[in-house]
Amino acid sequence: MRAPLIAGNWKMNGLVRDAQALAQGLRARLEKDSAPEIVVCPPFLALAAVREALAGSPVKLGAQDVHWEAKGAYTGEISTAMLQDVGCTHVILGHSERRHIMGETHEHVNRKTRAALAAGLTPIVCVGELLEERNMGDTNGVIERQIVKGLEGLSAADLSRIVIAYEPVWAIGTGKVAAPRQAEEVNRFIRKLVLQRSDSRTAEGIRILYGGAVKPDNIKDLMAEEDIDGALVGGASLEVESFVKIVRYTS
Ligand code: PEP
């Protein structure tokens, strides 16, 4: 049985005080919730304040990216040790905004995933197709390339420690959520790809999230699908009430 995971990606929103207030609100509302597993991913500069605000709560801390090198002349980058130093247990990798706006490649995602695993962080590796790619019937091809190249060289033991998030790019920030069946089909395909690279125990155990316009009014139907093991939430994670409703699968 896979433990569901709900992760909030706060992206580049708010100042430290806003992140603190959001974290305090979540802590107050989610004090007793132990399931699903909950992770919030604030901007780097708010991580320390959010860790403080979440102290003693079950909500875990994640970052939105990491560099693959341990240290050195990488101006502007953040290492896995820096993330752990500030209390992170998770890190989002290969988000479509990083792939499509910042030019991140499969190789970058692969190096970051390996570095996160080596450090003991849980990578949340994002994959997903553009609308044009879906319209051309290439959804599975895109996903397969992202999985094969992004997760190249990972052992079954490595794969059992990662989380994959299927995020169709056309659904992110657009309000156009994928139909639960559509998301389920891709998540099942991803599980099959994992099986081809590992074993049935790993494929059955790996958590595959859905992300893209997840809101309180669609989470329940998404979570009812067999291969959707949680959600990566953008916009709706920026407000205490909507994120709490998503965590509880209620509208
Ligand atoms: C995201 O960016 O990971 C995301 C899912 O965004 P939204 O929920 O706002 O569509």
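Attention here is on the structure that accompanies the text.

Quick notes on the rules
- Along every chain, residues carry numbers that run from 1 in the direction the sequence is written.
- A pLDDT threshold of at least 70 governs which residues receive local features in this predicted model, and a stricter bar of 80 or more applies before side-chain atom pairs are shown or counted, although totals over entire chains, interfaces and linings include all residues.
- Side-chain descriptors were evaluated using all non-hydrogen atoms of the structure, hydrogens and water having been removed beforehand.
- Under the DSSP-based scheme used, a helix requires at least four consecutive residues in state H or I and a strand at least two consecutive residues in state E, with every element numbered from the N terminus.
- Relative accessibility decides the category of a residue: with a 1.4 Å probe and only protein chains considered, values under 20% of the type maximum give buried, values over 50% give exposed, and everything between is partly exposed.
- Surface exposure here means Shrake-Rupley accessible area, sampled with a 1.4 Å probe, where a residue is shielded only by the protein chains that are shown.
- By the convention used here, residues are in contact when the closest approach between their heavy atoms is within 4.5 Å.
- We call a set of buried residues a nonpolar core when its members are Ala, Val, Leu, Ile, Met, Phe, Trp, Tyr or Cys and they connect through side-chain atoms within 4.5 Å of each other.
- A cutoff of 4 Å decides nearness: a residue is near a molecule or strand if any of its heavy atoms lies inside that distance of it.
- In protein, a polar contact means a hydrogen-donor-capable atom and an acceptor-capable atom, both N or O and within 3.5 Å, with residues adjacent in sequence counting only if both atoms are side-chain atoms; elsewhere, any N or O pair within 3.5 Å suffices.
- To estimate the expected span of a helix, subtract one from its residue number and multiply by 1.5 Å.
- Note on pairing: two strands pair once DSSP finds at least 2 bridges between them.
- Only the stretch in contact is used when a helix axis is fitted, and all axes are lines through C-alpha atoms; the angle between N-to-C directions ranges over 0 to 180 degrees.

On to the overall build of the protein. For the protein, the helix and strand inventory stands at 12 helices and eight strands. For the protein, the C-alpha atoms occupy an extent of roughly 45 × 45 × 35 Å along the three principal directions. Expressed as a percentage of its 251 residues, the buried residues of the protein come to 52%. Accessible surface, the protein as shown: approximately 11,400 Å² in total, 51% of it carbon and sulfur.

This paragraph deals with helix H12 (residues 240-247). With respect to burial, H12 is a largely interior element, six of its eight residues being buried. Residues of H12 that are buried include every one of Val 240, Ser 242, Phe 243, Val 244, Ile 246 and Val 247, and no others. Each element contacted by the buried residues of H12 is listed here: strand S1 (5-9), helix H1 (16-29), strand S2 (37-41), helix H11 (219-223) and strand S8 (230-233).

Counting 63 residues, the largest nonpolar core has Val 50, Ile 143, Ile 164, Ile 190 and Tyr 210 as the members making the most contacts within it. Counting residues per element, this core draws most heavily on helix H9 (residues 180-197), at six residues. Not counting residues within four places of it along the chain, the set of residues in contact with Ile 190 comprises Val 127, Ile 143, Ile 147, Ile 164, Tyr 166 and Ile 208.

What follows deals with the site of the ligand. Taken together, 14 residues sit near the ligand, with Lys 11, His 95, Glu 167, Gly 173 and Ala 213 positioned nearest. At 2.8 Å, a backbone N or O of Gly 234 approaches an oxygen atom of the ligand. A distance of 2.8 Å separates an oxygen atom of the ligand from a polar backbone atom of Gly 235. Starting from 290 Å² of accessible surface for the ligand in isolation, the protein chains cover 97%.

Another aspect to go through is H1. Taking 1.5 Å per residue as the helical rise, H1 with its 14 residues ought to reach 20 Å, and the 20 Å between its terminal C-alpha atoms agrees with that figure. Buried residues along H1 sit in contact with S2, helix H2 (47-54) and H12.

Turning our attention to the environment of Ser 96. Looking at the secondary structure, you find Ser 96 in helix H4 (residues 96-100). On the basis of relative accessible area, Ser 96 is assigned to the buried category, the value being 9%. Aside from chain neighbours lying at most four places away, what touches Ser 96 is Ile 101, Val 169 and Ile 172.

Another aspect to go through is the sheet that holds strand S3 (residues 60-63). Taken in spatial order, the eight strands of this closed barrel run S1-S2-S3-S4-S5-S6-S7-S8, and their pairing is parallel. The sheet shows a mean angle of 25° between the axes of neighbouring strands, direction not considered. Bridging between strand S7 (residues 207-211) and S8 involves two bridges; their strand directions are parallel. Its bridge partner lying in S8, Gly 211 is registered against Leu 232. Across the sheet, H12 is in contact with S1, S2 and S8; its angle to S1 comes to roughly 160°.

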